[in-house]
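Breakdown of the fold
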Amino acid sequence: MTLPLYETLRPSKLDQIVGQDHLVGDKGLISGIIASKNPMSLLLWGPPGCGKTTIARLYIKAFDAETLSISPVSHSIQDIKKLLESRRKAPLLAQKPLIVFVDEIHRFNKAQQDVFLPHLENGSLLLIGATTENPSFSINDALLSRLQVLTLQPLQNEHLKQIIERCCSSYHLQITDDAKKMIIHSSSKDARHLCNLLQNCKLFEKGPITAEVLEAITSKRFPRYDKNADEHYNCISCFHKSIRSSDADAALYYLARMLGAGEEPEYLARRMLRMASEDIGLADPNATRVAMDAWDTFKRLGSPEGELALAQCAIYLALSPKSNASYVAYKKALKHAKETATEPLPKHLLNSPTKFMKQEGYGKGYVYDHDTEEGCSSQRCFPDHVEEVNYYAPKERGFERDMQKRMRYFKQIKKNLRLNLNQR
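Residues numbered from 1 in each chain as written. Predicted model: local features only at pLDDT ≥ 70, side-chain atom pairs only at ≥ 80, totals over all residues. Heavy atoms only, no water.

With that settled, the discussion passes to the environment of N196. Relative to the elements of secondary structure, N196 occurs in helix 11 (residues 191–204). Residue classification places N196 among the partly exposed positions, given a relative accessible area of 29%. Considering only alpha carbons, one finds N196 and I34, 162 residues apart in sequence, at a separation of 31 Å. (Helix = DSSP H or I, 4+ residues; strand = E, 2+ residues; numbered from the N terminus. Buried < 20%, exposed > 50% of the residue type's maximum accessible area, 1.4 Å probe, protein only.)

Below, the structure is given as structure tokens:
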């Protein structure tokens, strides 16, 4: 049976681990504990595929101890009790310390986690736990107080690139730069997932792995409309674009044509609500209200009386000031958020309801904007490693002129506050 690639590429030394220098580097805590030859119980907390299991295995291997690996998937609490009890009755084995590694320890509920407490108390075992869940919520307080919690960071692109290079070197894979970028992006900063993608590449293609080859392995297929779209799609397209072009007469023509052909009126109401949001936006915030009222009026009156409300809505939307600034801003934000979805959230903006979370720095340095003289602080709200981007660019039309003034006002306040801070 062939081992998964992530197992064959798993580091055999601490200095081969990427992205966790604060733990396994020369001055890292794990390195320091190993150098002291005085093991302690640990809880490794971090996202999937960041190296928790690898670090745990190398940490345990560094000490002359009996080891026991437990998984909530394959071991019940009764199994664990029997294992610990059988070891207690074996005095020769008990001469060596016992280190128990529990992967995904959060899968044991808080009551089940108590099984380890008496053995930690009497010193008969050391516990190494690994979890992707916030320990404040997933580990019971008694157990948490007996473990040293170590936080692992998400892997960055440069770390994932190093893993790809190791794979290419070990397995003589040729991967183009574009394909490497796609693999890194598809991995969601999970080294295990990345290795699985690489293994699929290795099995799928003997030649160079290109972006096209990778797409054949990873991409999903989406249904496409027939190129010869029927009258339904053609007419709604003309209706939408007539409103966007501020042609009220053409909009009324296509509305009448569709209703006359038996189009579902509520479908048209729903489409106009979308137009109010997509093509008018904050240039006239009242447009969405008009569209909702027209929809509601039609539902109350039905045909043909309610169709007049749809016609009035079409005229109002066509003659409203247009702006797709909020639509464009959202699309940009959506793309940026997808690209940086695994970046840690800014700790100063997080709530800290538990003592552990406060120790981890949650909420530290947060400024309550209402307490400032301007009602606005200069604090950064994007994640630490995410570039601050201006998505929204209001148009000089309708109500968006006021939105533009507000944006300038707040940006100037923040700029002045940051300038004052830098001068202190």
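This paragraph deals with the layout of surface pockets. Within this model, the largest pocket holds a volume of roughly 800 Å³. Taken together, the residues of the lining of the largest pocket sort by class into eleven nonpolar, eleven polar and six charged. (1 Å grid on protein atoms, 1.4 Å probe; cavity = no way out; pocket = protein on both sides within 12 Å on 5 of 7 lines; lining within 4 Å. Points joined across faces, edges and corners; volume = space filled by probe spheres on them. Nonpolar A, V, L, I, M, F, W, Y, C, P; charged D, E, K, R; others polar.)

Side-chain alternation along strand 1 (residues 42–45) places L42 and L44 on one buried face and L43 and W45 on a second face that is also buried. Pairing analysis gives four bridges linking strand 1 to strand 5 (residues 148–151), with the strands arranged parallel. Opposite L42, over in strand 5, you have Q148 as the bridge partner. (Pairing = 2+ DSSP bridges.)

Its location among the elements puts E133 in the loop between strand 4 (126–131) and helix 7 (135–138). E133 sits 139 residues away from M272 along the chain, and the two C-alpha atoms are 43 Å apart. Once residues lying within four places of it in the same chain are set aside, the contact partners of E133 are W45, H106 and S138. (Contact = heavy atoms within 4.5 Å.)

Another aspect to go through is a negative patch on the surface. A grouping of D177, D178, E212 and E215 is seen on the molecular surface, where their side chains present a negatively charged patch. If you list the elements that add at least two residues to the negative patch, you get helix 10 (177–186) and helix 12 (211–218). Tracing the backbone through its elements, the reader meets E215 in helix 12. Assessed through its relative accessible area of 42%, E215 is described here as partly exposed. (Patch = residues over 30% accessible without salt bridge, like charges linked within 9 Å, V, L, I, M, F, W, Y side chains within 5 Å. Areas by Shrake-Rupley, 256 points an atom, 1.4 Å probe, with all protein chains shown as cover. Salt bridge = Lys/Arg side-chain N within 4 Å of Asp/Glu carboxyl O. Lys, Arg positive; Asp, Glu negative; His and termini not counted. Charge placed at Lys NZ, Arg CZ, Asp CG, Glu CD.)

For an α-helix, 3.6 residues make a turn, and residues three or four places apart therefore share a direction. Relative to the 22 Å expected for 16 residues at 1.5 Å per residue, helix 16 (residues 286–301) spans 22 Å between its end C-alpha atoms, a close match to the ideal helical length. Buried residues belonging to helix 16 abut helix 15 (265–280) and helix 17 (307–318). Looking one or two residues beyond helix 16, the residue adopting positive phi is G302, at roughly 75 degrees. (Expected span 1.5 Å × (residues − 1).)

What follows deals with the nonpolar core. Core analysis: the largest hydrophobic core is formed by 26 residues, its most contacted members being F239, I243, L255, L268, M272, L310 and L317. Those elements that provide at least two residues to this core are helix 13 (231–244), helix 14 (248–260), helix 15, helix 16 and helix 17. With seven residues, helix 15 is the largest single contributor of residues to this core. For L268, the residues in contact, after removing those within four places along its chain, are I236, L255, M258, L259 and E263. Formed by 25 residues, the second largest nonpolar core is a distinct cluster that contains I70, L117, I139 and L147. (Core = buried A, V, L, I, M, F, W, Y, C linked by side-chain atoms within 4.5 Å.)

For any pair of aromatic rings, the description rests on two quantities: the centre-to-centre distance and the angle between the ring planes. Applying the stated rule across the entire model yields five aromatic pairs. On the basis of an interplanar angle of 75 degrees and a centroid distance of 5.2 Å, the ring pair of Y59 and F63 is categorised as edge-to-face. Grouping residues by exposure puts Y59 and F63 together as buried. Arranged with centres 5.2 Å apart and planes meeting at 70 degrees, the rings of Y409 and F410 form a pair that is edge-to-face. Looking at R192, its charged tip hangs above the ring of Y6, at a distance of 5.4 Å from the centre. (Phe/Tyr/Trp six-rings, centres within 6.5 Å; stacked < 30°, edge-to-face > 60°. Lys NZ or Arg CZ within 6 Å of the ring centre and 35° of its normal.)

Moving on, we come to helix 9 (residues 157–171). For helix 9, built from 15 residues, the straight-helix expectation of 21 Å at 1.5 Å per residue is met to within 8% by its first-to-last C-alpha distance of 21 Å. Listed in full, the buried residues belonging to helix 9 are H159, L160, I163, I164, C167 and C168.

Summed over all chains, the structure comprises 15 salt bridges. Across the salt bridge formed by K335 and E339, the nearest N and O atoms sit 2.7 Å from each other. With a gap of four residues between them, K335 and E339 both fall in helix 18 (residues 325–339), about one helical turn apart. Overall, the relative accessible area of 54% leaves K335 in the exposed class.

Read across the sheet, five strands follow the order 2-3-4-1-5 without closing on themselves; strand pairing throughout is parallel. Each end of this open sheet is capped by a strand with a single partner; those strands are strand 2 (66–70) and strand 5. The average undirected angle you get between the axes of adjacent strands in this sheet is 15 degrees. Relative to strand 4, strand 3 (residues 98–103) runs parallel, the two being bridged by five bridges. For V102, the partnering residue across the bridge sits in strand 4 and is G129. (Axes fitted to C-alpha atoms, helices over the stretch in contact; angles between N-to-C directions.)

Taken together, the side chains of L349, Y366 and Y368 make up a nonpolar region of the molecular surface, amounting to roughly 300 Å² of accessible area. Here Y366 is to be found in the loop between helix 19 (355–359) and helix 20 (400–423). With a relative accessible area of 42%, Y366 lands in the partly exposed category.

Packing of helix 9 against helix 10 brings their axes to within 10 Å, and their N-to-C directions diverge by 120 degrees. Taken together, the axes of helix 9 and helix 10 lie oblique to each other. Considering how the two elements wind past one another, helix 9 and helix 10 form a crossing that is right-handed. For the pair helix 9 and helix 10, the contacting residues are N157, L160, K161, I164 and E165 in the first and K180, I183 and I184 in the second. Considered class by class, the residues forming the contact of helix 9 with helix 10 number four nonpolar, one polar and three charged. (Parallel < 35°, antiparallel > 145°, perpendicular 65-115°, else oblique. Left-handed = near helix turned anticlockwise from the far one by under 90°.)

Any link to function would need more than the numbers given here.
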